[in-house]
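Chain and residue survey
Each chain, letter by letter, is given below.
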Protein chains: 2
Amino acid sequence: MEVRARAPGKIILAGEHAVVHGSTAMAAAIDLYTYVSLRFPTPADNDDTLKLNLKDMDLEFSWPVGRIKEAFPELGSFNVSSPASCSLEVTKAIAALVEEQNIPEVKIGLASGVSAFLWLYISIHGCKPAKATVTSELPLGSGLGSSAALCVALSAALLSLSDSVKLDFDHQGWQIFGDSELDLVNKWAFEGEKIIHGKPSGIDNTVSTYGNMIKFRSGELTLIKTNMPLKMLITNTKVGRNTKALVASVSERTLRHPTAMAAVFNAVDSISNEMATIIQSPVSDDLSITEKEEKLEELMEMNQGLLQCMGVSHASIETVLRTTLKFKLSSKLTGAGGGGCVLTLLPTLLSGTVVDKVIADLESCGFQCLIAGIGGKGMEISFSGSS
Amino acid sequence: MEVRARAPGKIILAGEHAVVHGSTAMAAAIDLYTYVSLRFPTPADNDDTLKLNLKDMDLEFSWPVGRIKEAFPELGSFNVSSPASCSLEVTKAIAALVEEQNIPEVKIGLASGVSAFLWLYISIHGCKPAKATVTSELPLGSGLGSSAALCVALSAALLSLSDSVKLDFDHQGWQIFGDSELDLVNKWAFEGEKIIHGKPSGIDNTVSTYGNMIKFRSGELTLIKTNMPLKMLITNTKVGRNTKALVASVSERTLRHPTAMAAVFNAVDSISNEMATIIQSPVSDDLSITEKEEKLEELMEMNQGLLQCMGVSHASIETVLRTTLKFKLSSKLTGAGGGGCVLTLLPTLLSGTVVDKVIADLESCGFQCLIAGIGGKGMEISFSGSS
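Residues numbered from 1 in each chain as written. Chains lettered and ligands numbered in written order. Predicted model: local features only at pLDDT ≥ 70, side-chain atom pairs only at ≥ 80, totals over all residues. Heavy atoms only, no water.

All right, on to the state of the cysteines then. All names here are of chain A. By the definition in use, this model includes zero disulfides over all chains. Here Cys 369 is not cross-linked by a disulfide; its sulfur's nearest cysteine counterpart is in Cys 365, at 9.0 Å. Residue class for Cys 369 comes out buried when judged on its relative accessible area of 15%. (Disulfide = S-S within 2.5 Å. Buried < 20%, exposed > 50% of the residue type's maximum accessible area, 1.4 Å probe, protein only.)

Now for the relation of the copies chain B and chain A. Once chain B has been moved 0.0 Å along the axis and rotated by 180°, it coincides with chain A to within an RMSD of 0.1 Å. Look at the turn and shift together and you get a two-fold axis relating the two. Of all interface residues in chain B, 100% are interface residues in chain A too; the two copies therefore contact each other through one and the same surface. (Least-squares fit on C-alpha atoms with pLDDT ≥ 70 in both. Contact = heavy atoms within 4.5 Å.)

Residues and elements named next belong to chain B. Ordered by their spatial adjacency, four strands build an open sheet running S9-S10-S8-S11, and the pairing between neighbours is antiparallel. One side of each edge strand has no neighbouring strand; the edge strands of this open sheet are strand S9 (331–334) and strand S11 (368–373). Going across the sheet, the axis of each strand differs from the next one's by a mean of 30°, ignoring polarity. The strands touched by helix H9 (residues 289–310) within the sheet are strand S8 (231–236), S9 and strand S10 (341–345), with S9 carrying the most contacts at an inclination of about 55°. Where helix H11 (residues 352–364) meets the sheet, its contacts fall on S8 and S11, and the angle it forms with S11 comes to roughly 145°. (Pairing = 2+ DSSP bridges. Helix = DSSP H or I, 4+ residues; strand = E, 2+ residues; numbered from the N terminus. Axes fitted to C-alpha atoms, helices over the stretch in contact; angles between N-to-C directions.)

The next subject is the interface of chain B and chain A. Opposite the 24 residues of chain B that make contact, chain A presents 24 residues. The junction of chain B with chain A conceals about 2,200 Å² of combined surface from both sides, 57% of it contributed by carbon and sulfur atoms. The largest per-residue losses of area from chain B upon contact with chain A belong to His 257, Glu 298 and Met 302 of chain B, which jointly make up 25% of the total buried on that side. Run the count over chain B and chain A and you get six salt bridges. With its nearest N and O atoms 3.0 Å apart, the salt bridge here joins Glu 298 of chain A to Arg 253 of chain B. Inspection of the region where chain B meets chain A yields twelve residue pairs in polar contact (both at pLDDT 80 or more). Elements represented by at least two residues in the side of chain B that touches chain A include exactly helix H7 (243–256), helix H8 (258–280), H9 and helix H10 (315–326) of chain B. With ten residues, the top contributor of residues to the side of chain B that touches chain A is H8 of chain B. (Buried area = accessible area lost by both parts, 1.4 Å probe. Salt bridge = Lys/Arg side-chain N within 4 Å of Asp/Glu carboxyl O. Polar contact = N/O pair within 3.5 Å; in protein donor to acceptor, adjacent residues only side chain to side chain.)

Residue and element names in this part refer to chain A. Read across the open sheet, the four strands follow the order S9-S10-S8-S11; overall the sheet is antiparallel. At either end of the open sheet lies a strand with only one pairing partner, and these are strand S9 (331–334) and strand S11 (368–373). For this sheet, the mean angle separating the axes of adjacent strands, direction not counted, is 30°. The pairing of strand S8 (residues 231–236) with strand S10 (residues 341–345) spans five bridges and is antiparallel. Among the inter-strand pairings, Asn 236 is bridged to a residue of S10, identified as Cys 341. Its contacts with the sheet put helix H11 (residues 352–364) on S8 and S11, and the angle it makes with S11 is roughly 145°.

This brings us to the domain arrangement of chain A. All names here are of chain A. Each assigned domain of chain A is listed with its residue range as follows: domain 1 (2–224 + 376–384) and domain 2 (231–373). Measuring from the centre of the C-alpha atoms in domain 1 to the corresponding centre in domain 2 gives 28 Å. Here domain 1 and domain 2 share an interface that buries about 2,400 Å² over both sides, 64% of which is from carbon and sulfur atoms. It is Glu 16, His 17 and His 21 in domain 1 that bury the most area against domain 2; as a group they hold 26% of the surface buried on that side. Our enumeration of links across domain 1 and domain 2 arrives at two salt bridges. Our enumeration of links across domain 1 and domain 2 arrives at 14 residue pairs in polar contact (both at pLDDT 80 or more). Taken together, the elements giving at least two residues each to the side of domain 1 that touches domain 2 come down to strand S1 (2–14), strand S2 (25–39) and strand S6 (213–217). (Domains from an automatic or database assignment.)

Right, here's the structure in full:
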């Protein structure tokens, strides 16, 4: 049988950087997914390996189950229903397993992703043979939450086979988890994220697990249900960023200009909260979809100006802004800035011809364009084959 | 004999737009001047006309003194030492005098400039023949205070011949007025500005009269003496702006997002005050010129981001920003935005070769570049010929 799980990527709608200094930020799920499929050999297959196939990169890793058991003498002591952090001892054991695979060094972050895979797989499912196949619609390392989506989809797929989750194995198509089961997925995914990112904020895995939007401030997360369809053009400048250095540069600017920057962060806080209000408010005669979109566009433009004030924009981001502005579309960077991705709101009434032209212009600059619905589904799961 | 007066233009260093909403702004004199020369015919010349020669535009207007007397039956009732606003009746009489001159309609604002000339001339000097010649290093209507510089230079030249000002007519070269005399020049220039602009802020004429820098907030002006040389590249995008519409658009945005915009204005206020502190602080071992310049550059970048947040930037401004950023130079729009001029700080240690390259790049975009010292002299006067 095959278990398939998918989990969405995320964007930061408003409040990046300022959130580090106490402002509210808004993150949203996007309808671009990472898919994890798990297939289990029958005894007749006589296959006693754990395989990880990263289809988009054309890479496959494989460990004999005996080799894994050897590396984890205390196997079986894990408790699926209470996610735990990877101990130093286990980290070392995993590192050894990963090292054996001769992972191409050019793929930055790949080794940590494989480590997270092994940790989640072994912790949740134990030491059993399987073939895990990963594909993704999300560009890697561009701030769209691809690593969190991987951790969420993998945790979901593995938990669906555990006693902690109740599902209908005969159901056709995607199905979702119950609330407490989602909480468990989110917790495990966060443990995976820790292996990949060290100190993740937990925003990415939370958005990927539950979908919709999340308002967050000082570590407190609030789920926001959207009351309007929202489509964004996501332009990947492909310019690599050093998120830590960018966060540090904003902190240094804040130390140099505490009063001015405090006011800037207040402005961002207010923008995030206004966005949340608009997105949650029902479409009514008072405020049409177009009016709501115009308000969001103005708030995006304002947030972008404030991010420029923080000093985290980049020539490539400015190029995207200029290009989309030619078509009277509003954009802002999303995430760390200094490159990475830019959001452009695509209003409901915008013609496809215009969208095609914008994309052609942006692609001619060497950028990658993705269109995504915003604030949609979280993780989902489906089964096929005889169980 | 000939009286020559010159008065500087101005830039807004920080706080444009936000000042309308209660923030502090900083304006500075630039060492680009408008020159007014007055020559008076001898009885032997048998010339009984008042001439205004606008040399840069190759235009000359001329009024028989008798025609002016006809238009102003109550002539002689003006009091030089107490500047008064132009009454409705006088406005009409001046409009008639201006109308007779067939002023080219393409020169927007020219008629009001000629009206201001007549009002100041007749009010301060009475109805006597003369030839006034005006030349300027300031591009017209680009927000660099060319109209205020004209009003200041003209008022100064005229007042230098009145009993209200004590000067040394035998002094060679430029000389300055006493403080109370400067106050009088400033008041008259403000009356001229009213004719040109309707409701001027009074900043432009004040900076042009006193030079240096001025910090202003809620109508209160404070003269700031600079303790550092400061050089700016001023790029005139030549894109015409509608200042009133831009000011209105910021106010509308403020009504839509009162909390966010209040925070933005607070940030600008803090930036203006920081700039004033840096500029006034003596150069010491604590803070070198280069360190002071770097701080100013950062504050300019921050102010520009906040102006973008207010929505008053423009594609042409962004082009200037992008071009100067390539050379690691910091820029911000100055004045109303939506086109107009952009400031780029030229650090003391910047090589002339780089400056030449930046200017070449900007001029290739069709922009006009001016280099100006910032925070220098106010109006000055000189006499030549036998008195």
